[in-house]
Amino acid sequence: MKKTLLIVGCGDIALRTVPLLQTHYRILGLTRNLDSSAYLRSQGIIPIYGNLDHPRSLEKLAGIAQLVLHLAPPPNHGLRDHRTTHLLSALTKRMKKHAAILPQRLIYISTSGVYGNCHGALIDEAHPVHPENDRAIRRINAEQQIRHWGKRNHISVSILRVPGIYAANRLPLTRLREGHPTLLDTEDSYTNHIHADDLARAIYAALHYAKPGRIYHACDNSHLKMGEYFDLVANHFGLPRPPRITRNQAKECISSGMFSFMKESRRLENLRMKKELHVSLSYPTVLEGIKAAQTGNQ
């Protein structure tokens with residue numbers, strides 16, 4: 001009999017994991033949009049209505065699944081992730097006079113933004129976190145909640161810290177066509193990437209091999225500066241390279257959201273993912289992924 005797996009956050013990445021999961025699990029998907037139910041069913045997911053912002057709508061989650069994939073983002077404000085609070089509470093809620101049937105494993109998809117600016121250093125999962133914006137602080141809060149919840153309830157929890165996700169449908173083509181600038185190479189920051197399909201494979205591998213309480217970098221082997229990434233995409237799609245400007249100029253003409261990414265420079269080590277999760281990347285570097293997107297092979 002198949003185990004039941006609950007996906008929380010049924011977006012692009014979750015849907016890419018479903019073909020890998022279908023033969024092994026009965027898949028449920030939490031959705032707050034009833035209009036998406038037919039589409040989720042067509043993708044092999046049984047829709048379960050619930051809204052992470054409204055705890056009462058989550059009561060049916062207690063005892064519903066042996067495994068949980070938590071891909072839902074935190075709210076867009078504050079310093080805490082109350083959505084994760086509501087989810088964890090629902091998963092361990094008592095049913096009448098009986099204790100809840102607890103999940104065996106939960107995998108949380110976090111972000112490498114929790115490290116803040118590492119000034120281009122090559123870092124592994126033991127590197128201290130130093131979030132520099134509210135978005136990253138909320139992610140740290142979610143990670144802490146999940147790890148404490150796992151220890152308290154004797155549930156295996158693991159965390160994938162993910163950098164910039166790209167794929168054929170997730171390339172900065174519009175940005176390049178509109179001529180948005182990026183930083184001069186001498187002032188530019190290192191960025192990290194993972195192809196969406198490789199991330200799906202890493203999530204699948206984490207369900208089978210991740211160690212309890214363990215953090216993994218889900219990233220490829222590339223060590224590119226942000227401008228180099230934009231140039232690479234531009235070159236392969238016949239678009240103009242973005243103009244280069246100074247960091248001081250960027251403060252005046254680049255959105256605060258994009259500039260927050262430009263302020264953080266780090267290079268992620270991925271040996272733990274390869275060794276412990278046995279992940280073999282289909283797109284080891286961004287170059288392979290962009291070439292596949294260019295030829296329509298993704």
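What comes next concerns the included structure. (Residues numbered from 1 in each chain as written. Predicted model: local features only at pLDDT ≥ 70, side-chain atom pairs only at ≥ 80, totals over all residues. Heavy atoms only, no water.)

## Points about the packing of helix H7 (residues 226-236) against helix H11 (residues 286-295)
Where H7 meets H11, the closest approach of the two axes is 10 Å, and the angle between their N-to-C directions is 30°. In terms of axis orientation, H7 runs roughly parallel to H11. For H7 against H11, the interelement crossing comes out right-handed. Residue-level inspection shows Tyr229, Leu232, Val233 and His236 of H7 in contact with H11, the latter providing Val286, Leu287, Ile290, Lys291 and Gln294. Residue classes in the contact of H7 with H11 are distributed as six nonpolar, two polar and one charged. (Axes fitted to C-alpha atoms, helices over the stretch in contact; angles between N-to-C directions. Helix = DSSP H or I, 4+ residues; strand = E, 2+ residues; numbered from the N terminus. Parallel < 35°, antiparallel > 145°, perpendicular 65-115°, else oblique. Left-handed = near helix turned anticlockwise from the far one by under 90°. Contact = heavy atoms within 4.5 Å. Nonpolar A, V, L, I, M, F, W, Y, C, P; charged D, E, K, R; others polar.)

## Remarks on the environment of Ser265
Counting through the fold element by element, Ser265 comes out in the loop between helix H9 (256-262) and strand S15 (267-268). Residues Ser265 and Pro103 lie 162 residues apart in sequence; the distance between their C-alpha atoms is 37 Å. Among residues more than four places away in sequence, those in contact with Ser265 are Asn117, Cys118, His119, Gly120, Ala121, Ser189 and Tyr190.

## Describing unusual backbone geometry
Residues other than glycine seldom take positive phi values, yet His119 does so here, at roughly 55°. Take His119: it is sitting in the loop between strand S5 (105-111) and strand S6 (122-123). Overall, the relative accessible area of 69% leaves His119 in the exposed class. Although it is not a glycine, His278 sits at a positive phi angle of roughly 60°. (Buried < 20%, exposed > 50% of the residue type's maximum accessible area, 1.4 Å probe, protein only.)

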